[in-house]
Every structure is written in C-alpha cells, then in structure tokens.
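So the chains spell out like this:
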Protein chains: 2
Amino acid sequence: MDPLSTKFAALADPTRRAILARLVKGETSVTELAEPFAMSLPAVSRHLKVLEHAGLVTRGRAAQWRPCRIEPSALREVDGWLETYRRFWEAGFERLEAFLAKDADAAPSRRRKLRKRKLPSSRK
Amino acid sequence: MDPLSTKFAALADPTRRAILARLVKGETSVTELAEPFAMSLPAVSRHLKVLEHAGLVTRGRAAQWRPCRIEPSALREVDGWLETYRRFWEAGFERLEAFLAKDADAAPSRRRKLRKRKLPSSRK
C-alpha cells in the first residue's frame, strides 16, 4: 500500500482518531491511553500498531512505559492531497462552473447539463 | 461505519483518488472514466460505488451515460478533522512543546524527555 493510502486507512476508524486526539495533549503510556476506552490493552495496541505503521504515532525507547507520541507532521501529506480540492469548496459553485467552462467548447452539451445542477455548497 | 470513517476509507486507494483527480476536470461517463485505467468497467464501477457511498461522487440521472460528478464539499469534513492538528505542523516543534509544557508541572520527567527529541518539521 502507498504511504498516503496507509494514512487514510489508519484514519478510517473512530478509535484511532480518538487515540490521536488524546495524544495531542501529550505523550502517554499504552495503559494510560487505554483507560477511557472500553477496550482491552491488546486491542488498543493493535490500533497503535496501525497508527505507527502509518507514521502517525511513534513509540519512545524508555524501557518501562514506551511513551506513545503523535507525529502531526505526518498529516501534512493528507493536507497536501486535500489542497487540490479545497479551492472548489472554498470558492463555491460559480468557481467550479468557471473551471469546467474552460472545456465547454469541446463539450457544449455537458456545459448545459451542468447549469441545471446545483452543488450543495451553493445552498444558503 | 461513521461518515468520516467512510470517507477516509474511500480515500485509502490510489485508483479512487485518481478517479477524483479526473472528475475535478469535469463530469464524465463511466466508460470515459475507465479509459486511462488498466481496469475493467465493473472494477471501475465498484470503485465508483465506494466513492458514491462516501458522498464524494454523485451520478446523474441522464438515461444513457449517467455522468459521474465529484462533490468536493464532501471533503470539508475531512478538512475539518485535520484542523485540530494543522496548528502543530504549521507552528513546528516549539509550539507543540509549549502546548505540552502546560501540563509540565504534573509530569516534569516527561517534559525533559520531550526536550531531547526533535520533530521532522524542525529540520531545516
């Protein structure tokens, strides 16, 4: 699996996102991390391994508690991917239509179809 | 599966992300969409169903070609989730340490450990 897909897959779970939300408050041991979750330690460890594999969490070398730490910079790649699409939802429907209209000479029938539709973001 | 997890799971595949990258250029039929991929029509249709289920793609009602259309606004939820973490990679390591230092009185040993480490984002 490519690194970006691995990251998206790791984030596709509410428990793993809750673990990241906890770790953003500071390093913690697995035991401490597991407390708020109705989940066994091995189950939490499995989730941590998925996050580690995706580069979103690292484990310290301290012999006894091996602190879990979030690596927020690993999310930059996800943010970079979103960048291409951000301009569309930020600018709303008119911008998207303007963008698509560039190709309109080659496909005028599609342009007519587009005009009949509305993006959810254009609803007020 | 919750809607955000469904979106992350849908994005965890390079072919599905390539489909979105194609659709950002305008509506297209499934046949047209399948052309650049070394993939059967049913395989592309399966990927489209995953994207539709996540709300990232909609299909038109036009009887013959049922145009596929990207819904960039569906990515807002993903962007909103990232927002919590963005401030950390934008501000770099010092900011994260400052944030963690708030809890330092309760766990001074952890603070010392943190000072020995560097985030990748702090490398120049």
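If you're wondering where the values come from, they're calculated on a predicted model, not measured in any experiment.

Visitor: An account of the overall build of chain A is needed here, citing residue identities and associated values.
Guide: When its secondary structure is counted, chain A shows six helices and two strands. Tracing chain A from N to C terminus, the helices and strands come up as α-α-α-α-β-β-α-α. When the 124 residues of chain A are sorted by exposure, 48% land in the buried category. Once local pairs closer than 6 in sequence are excluded, the contacts in chain A between residues at least 24 apart make up 48%. In the structure as shown, chain A presents an accessible area of about 6700 Å², 52% of it carried by carbon and sulfur atoms.

Visitor: Describe the pattern of salt bridges, with residues and values.
Guide: Within this structure, the stated rule accounts for 14 salt bridges over all chains. Among the salt bridges present, the one from Arg86 of chain A reaches Asp79 of chain A, with a minimum N-O distance of 3.0 Å. Within the structure, one salt-bridge network assembled from shared partners comprises Asp79, Glu83 and Arg86 of chain A together with Asp79, Glu83 and Arg86 of chain B.

Visitor: Tell me about the packing of helix H2 (residues 14–23) of chain A against helix H4 (residues 41–53) of chain A, and name the residues and values.
Guide: Residues and elements named next belong to chain A. Orientation of H2 relative to H4, taken along the N-to-C sense of each, is 80°, at an axis distance of 10 Å. Relative to H4, the element H2 lies roughly perpendicular. Seen from H2, the contacting residues are Thr15, Arg16, Ile19 and Leu20; seen from H4, they are Val44, His47, Leu48, Val50 and Leu51.

Visitor: An account of helix H1 (residues 3–11) of chain B is requested, with residue identities and associated values reported.
Guide: Counted residue by residue, H1 of chain B has seven buried out of nine residues, so it is predominantly covered. Listing the buried residues of H1 of chain B in full gives Leu4, Ser5, Thr6, Lys7, Phe8, Ala10 and Leu11 of chain B.

Visitor: I'd love a proper account of the environment of Trp89 of chain A, names of residues and values included.
Guide: Tracing the sequence through the fold places Trp89 of chain A in helix H5 (residues 76–101). Those residues within four positions of Trp89 of chain A in sequence are excluded, and the remaining contacts are Leu82 of chain A together with Pro72, Ser73, Leu75, Arg76 and Asp79 of chain B.

Visitor: Any details on the confidence of the model for chain A? Residues and values, ideally.
Guide: The predicted coordinates ought not to be read in detail in places where the model reports low pLDDT. Residues and elements named next belong to chain A. Mean pLDDT over chain A works out to 79, with 72% of the residues at or above the 70 mark. Of all helices and strands in chain A, the one with the weakest mean pLDDT is helix H6 (residues 108–115) (42), whereas helix H1 (residues 3–11) scores best (98). In the predicted structure, residues 105–124 sits below a pLDDT of 50 and forms 29 contacts with residues beyond four places in sequence or in another chain. The ipTM, which scores confidence in the relative placement of chains, is 0.75 for this predicted complex, and the corresponding pTM is 0.76.

Visitor: Residues and numbers for the packing of aromatic side chains, please.
Guide: As enumerated under the stated definition, the model contains five aromatic pairs over all chains in all. Note on Phe8 of chain A and Trp81 of chain A: the rings are 5.6 Å apart at their centroids and 85° apart in plane angle, and the pair reads as edge-to-face. Remark: Trp81 of chain A occurs in helix H5 and Phe8 of chain A occurs in helix H1; sequence separation between them is 73 residues. Neither residue differs from the other here; Phe8 of chain A and Trp81 of chain A are each classed as buried. Residue classification places Phe8 of chain A among the buried residues on the basis of a relative accessible area of 0%. In textbook terms, an aromatic cluster arises when at least three aromatic residues are bridged by ring pairs, as seen for Phe8, Trp81 and Tyr85 of chain A together with Phe8, Trp81 and Tyr85 of chain B.

Visitor: A description of unusual backbone geometry should follow, citing residues and the corresponding values.
Guide: We note that Arg66 of chain A has phi near 35°; this positive angle belongs to a residue other than glycine. Judged by its relative accessible area of 37%, Arg66 of chain A is partly exposed.

Visitor: Run through the side chain of Lys7 of chain A, naming residues and quoting values.
Guide: Overall, Lys7 of chain A belongs to the buried group, its relative accessible area being 10%. Here Lys7 of chain A is in contact with Ala54, Leu56, Ala74, Glu77 and Val78 of chain A, once residues within four sequence places are set aside.

Visitor: Outline the environment of Tyr85 of chain A, listing residues and values.
Guide: Within the secondary structure, Tyr85 of chain A is located in helix H5. Residues Tyr85 of chain A and Val24 of chain A lie 61 residues apart in sequence; the distance between their C-alpha atoms is 26 Å. Here Tyr85 of chain A is in contact with Arg17, Leu20, Ala21, Val24, Ile70, Pro72 and Leu75 of chain B, once residues within four sequence places are set aside.

Visitor: Quick rundown of the environment of Ala12 of chain B? Include the residues and the values.
Guide: Positionally, Ala12 of chain B belongs in the loop between H1 and helix H2 (14–23). Given the relative accessible area of 11%, Ala12 of chain B is considered buried. Other than its neighbours up to four places away in sequence, Ala12 of chain B contacts Met1, Ser5, Phe8 and Ala9 of chain A together with Arg17 of chain B.

Definitions and limits used
Residues numbered from 1 in each chain as written. Chains lettered and ligands numbered in written order. Predicted model: local features only at pLDDT ≥ 70, side-chain atom pairs only at ≥ 80, totals over all residues. Heavy atoms only, no water. Helix = DSSP H or I, 4+ residues; strand = E, 2+ residues; numbered from the N terminus. Buried < 20%, exposed > 50% of the residue type's maximum accessible area, 1.4 Å probe, protein only. Contact = heavy atoms within 4.5 Å. Areas by Shrake-Rupley, 256 points an atom, 1.4 Å probe, with all protein chains shown as cover. Salt bridge = Lys/Arg side-chain N within 4 Å of Asp/Glu carboxyl O. Axes fitted to C-alpha atoms, helices over the stretch in contact; angles between N-to-C directions. Parallel < 35°, antiparallel > 145°, perpendicular 65-115°, else oblique. pLDDT = per-residue confidence, 0-100. Phe/Tyr/Trp six-rings, centres within 6.5 Å; stacked < 30°, edge-to-face > 60°.

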